[in-house]
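Overview (structure and organization)
The chain contents come next:
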Amino acid sequence: MPASADLIAHLKTRRSVPFPLMAEPGPDAATLTDMLAIAARVPDHGKLAPWRFIIIDRAAGARLGAFLVELAKADDPAADAKKLEADAARFSRAPVCVAVVSRAGPHVKIPEWEQLMSAGAVGLNLLHAAAAFGFGGNWVTEWPAYDRRVLDRLGLAAAEKIAGFVHIGTPTAKAEDRVRPDMASIISHFEG
Ligand SMILES: Cc1cc2nc3c(=O)[nH]c(=O)nc-3n(C[C@H](O)[C@H](O)[C@H](O)COP(=O)(O)O)c2cc1C
């Protein structure tokens, strides 16, 4: 592959889209399918595909949000209105949300740790794919990723985990960058 200045520039400046900058439109169904195919093209020891996707469009996201509100109220009848409002909107802050689900588990040859890392690669690749099509993404987990009642509602099996909820839409502006690691402090040379 020839050097690509565009790709290098993207990789050097890529960043997530904060929710206040996330707007319509989202990808159409064909584009989203293409994005997911790119996202699934990741290093995957043993070709296990130890991950899968659940697409949550805005309408389904709103219904899931209503379910989160029910849970929040059941857990804390005095929950404040602001929290409930945030929960109601949690899955409709972007045109579409893709749940990246890890299906990692015990295997005769491939350590579970490696399967989990592959799901992480899928998450980042999905952000890259979204950007390649002119969209932006934001990868969060938040409390619903760790609540069994939400996982049941999403149809996750007992051993499955949410690697991330990747929200995708059109950025209205480029977000300010965040602090990046000091490279000198994380690179060393093994001297033998
Ligand atoms: C597995 C995982 C889970 C995350 N969960 C959250 C979250 O729940 N809330 C949040 O504000 N950020 C979360 N983040 C971080 C966001 O993705 C954040 O916007 C991102 O790290 C910004 O970095 P970027 O601009 O390089 O994409 C998570 C990141 C990862 C990798």
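Only a predicted model underlies this, so the values are computations on that prediction, with no experimental measurement involved.

Below, the discussion takes up the overall build of the chain. Helix and strand counts for the chain come out as seven helices and five strands. Element order for the chain, N to C, with α for helix and β for strand: α-β-α-β-α-α-β-α-β-α-β-α. By residue count, 38% of the 192 residues in the chain fall in the buried class.

This paragraph deals with the packing of helix 2 (residues 29-39) against helix 5 (residues 112-132). Packing of helix 2 against helix 5 leaves a shortest axis separation of 8 Å and a crossing angle of 140°. On the basis of their axis angle, the class for helix 2 and helix 5 is oblique. Crossing handedness for the pair helix 2 and helix 5: right-handed. Here helix 2 contributes Met35, Leu36, Ile38 and Ala39 to the contact with helix 5, which in turn contributes Val122, Asn125, Leu126, Ala129 and Ala130. Taken together, the residues of the contact of helix 2 with helix 5 sort by class into eight nonpolar, one polar and no charged.

Note: strand 1 (residues 22-23) against strand 5 (residues 161-171), two bridges, orientation antiparallel. By the bridge assignment, Ala23 is partnered in strand 5 with Thr170. Relative to strand 5, strand 3 (residues 96-102) is paired through seven bridges, and the arrangement is antiparallel. Note that in strand 5 the partner of Val101 across the bridge is Ile162. By the bridge criterion, five bridges tie strand 4 (residues 136-140) to strand 5 in an arrangement that is antiparallel. The residue bridging Val140 from the neighbouring strand is Phe165, located in strand 5.

Right, let's get into helix 2. Residues spaced three or four apart along an α-helix point in a common direction, a consequence of the helix completing one turn every 3.6 residues. Listing the buried residues of helix 2 in full gives Thr31, Leu32, Met35, Leu36 and Ala39. One face of helix 2 carries all of its buried residues, which in axial projection span an arc of 140°. Counted as exposed and oriented over 90 degrees from the buried face of helix 2: Ala30, Thr33 and Ala37. Contact partners of the buried residues in helix 2: strand 2 (51-57), strand 3, helix 5 and strand 5.

Listed under "domain: Nitroreductase" (unreviewed entry) in the UniProt record, and renumbered for this structure, are residues 12-169. Between the C-alpha atoms that bound residues 12-169 the distance is 21 Å, and the span itself is 43% helix and 19% strand.

It is worth spelling out the pattern of salt bridges at this point. Applying the stated criterion across every chain yields a total of ten salt bridges. The partner of Asp87 in a salt bridge is Arg90, with the nearest N and O atoms 2.8 Å apart. For Arg90, a relative accessible area of 12% gives the class buried. Among the salt bridges present, the one from Asp147 reaches Arg149, with a minimum N-O distance of 2.8 Å. On the basis of relative accessible area, Asp147 is assigned to the buried category, the value being 13%. Each of the salt bridges in this network shares a partner with another, and the network as a whole consists of Lys83, Asp87, Arg90, Arg93 and Glu142.

Below, the discussion takes up the UniProt feature "binding site: FMN" (unreviewed entry) in the chain. Taking the numbering used here, the UniProt-annotated feature "binding site: FMN" (unreviewed entry) corresponds to Arg14, Arg15, Ser16, Arg41, His45, Trp139, Val140 and Thr141. Taken along the chain, the residues just named run across 128 residues; in space they spread out, the farthest C-alpha pair reaching 27.4 Å. Positionally, Ser16 belongs in the loop between helix 1 (5-13) and strand 1. Aside from chain neighbours lying at most four places away, what touches Ser16 is Leu127, Gly137, Asn138 and Ala175. Among the secondary structure elements, Arg41 is positioned in the loop between helix 2 and strand 2.

About the cut-offs
- Residues numbered from 1 in each chain as written.
- Predicted model: local features only at pLDDT ≥ 70, side-chain atom pairs only at ≥ 80, totals over all residues.
- Heavy atoms only, no water.
- Helix = DSSP H or I, 4+ residues; strand = E, 2+ residues; numbered from the N terminus.
- Buried < 20%, exposed > 50% of the residue type's maximum accessible area, 1.4 Å probe, protein only.
- Axes fitted to C-alpha atoms, helices over the stretch in contact; angles between N-to-C directions.
- Parallel < 35°, antiparallel > 145°, perpendicular 65-115°, else oblique.
- Left-handed = near helix turned anticlockwise from the far one by under 90°.
- Contact = heavy atoms within 4.5 Å.
- Nonpolar A, V, L, I, M, F, W, Y, C, P; charged D, E, K, R; others polar.
- Pairing = 2+ DSSP bridges.
- Arc of directions from axis to C-beta.
- UniProt positions renumbered as here; feature names shortened; annotations may be inferred.
- Salt bridge = Lys/Arg side-chain N within 4 Å of Asp/Glu carboxyl O.

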